[in-house]
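# Remarks on the overall topology
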Amino acid sequence: MTTWYEGPLAAFDTETTGVDVETDRIVSAAVVVQDAPGTRPRITRWLVNPGVAVPEAATAVHGLTDEHLQHHGRWPAPVVYEIAEQLAEHAAMGRPLVVMNAPFDLTLLDRELRRHRASSLDRWFERAPLRVLDPRVLDKHLDRYRKGRRTLTDLCGHYGVTLEGAHDAAADALAAMEVVRALSRRFATRLERLSPAELHTLQANWHAAQARGLQAWFARSGSEEIVSTEWPLRPELPAAA
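Just so we're clear, the structure is a prediction, and the values are computed from it rather than from any experiment.

## Brief notes about the sheet that holds strand β5 (residues 132–133)
Backbone-to-backbone hydrogen bonds pair the strands of a sheet. The strands run either parallel or antiparallel. Strands sit in the order β3-β2-β1-β4-β5 across an open sheet of five strands; the sheet is mixed. What marks the edges here is a single partner per strand, and that holds for β3 (42–47) and β5. Against the sheet, helix α4 (residues 102–117) engages β1 (9–16), β2 (26–34) and β5, with an angle of about 70° to β1.

This is how it looks when you write it as structure tokens:
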């Protein structure tokens, strides 16, 4: 019987105007689908005119300029609808969704849906639940004592995955998928008997524990930074009084 990590997977990634999920915007996104390892992936790409200026620091990362997005990008409202619709279709088919650092990309998509569609991401998964595989959470739990950073580039190097064109949404999504497959093979004895649905629940607990550990480290370092324990989607912030 084929294990889930050798079967169909989807992956999602975005490029953005910055790193604040509450205020920054999506400038490009991609969903990658692969039926089995080694098969040709199917890629859907979106390019977005965010309606706000793209900081030079963000352009330096992904190469997308204001001028390019204004000429070639689509308005956000139809794009975020199409992305959410496609993710919901994969959930309905029972296809797990790989998202590197899921609370960033999925929360940002949720905020864009609220901003442009008066909707929320949760509404798209009322009939079929989202089953997320986050290589960052999985790796930190399964190999918790390994030193070093755990960015996508680092994970690709560690698990022998080729990442061509980093910070392109499609390239990053495909690489994250390959990391999940490679990681799962390496830790097969711990993962192969778990379903994606069970792993989704476990990752929420693992992420919370990881976040609490990081929060404690920040406290010892004198930092006031707050680490969210929510995964894979951060709750909406309460409205200002």
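Now that the structure has been shown, we can carry on.
## A short note on the pairing of β1
Summarising burial for β1: eight of the eight residues are buried, a large majority. On β1, burial covers both faces: Leu9, Ala11, Asp13 and Glu15 on one face and Ala10, Phe12, Thr14 and Thr16 on the other are all buried. Alignment of β1 against β2, held across eight bridges, turns out to be antiparallel. Its bridge partner lying in β2, leucine 9 is registered against glutamine 34. Examined bridge by bridge, β1 and strand β4 (residues 97–98) share two bridges and lie parallel to one another.

Definitions and limits used
Residues numbered from 1 in each chain as written. Predicted model: local features only at pLDDT ≥ 70, side-chain atom pairs only at ≥ 80, totals over all residues. Heavy atoms only, no water. Pairing = 2+ DSSP bridges. Helix = DSSP H or I, 4+ residues; strand = E, 2+ residues; numbered from the N terminus. Contact = heavy atoms within 4.5 Å. Axes fitted to C-alpha atoms, helices over the stretch in contact; angles between N-to-C directions. Buried < 20%, exposed > 50% of the residue type's maximum accessible area, 1.4 Å probe, protein only.

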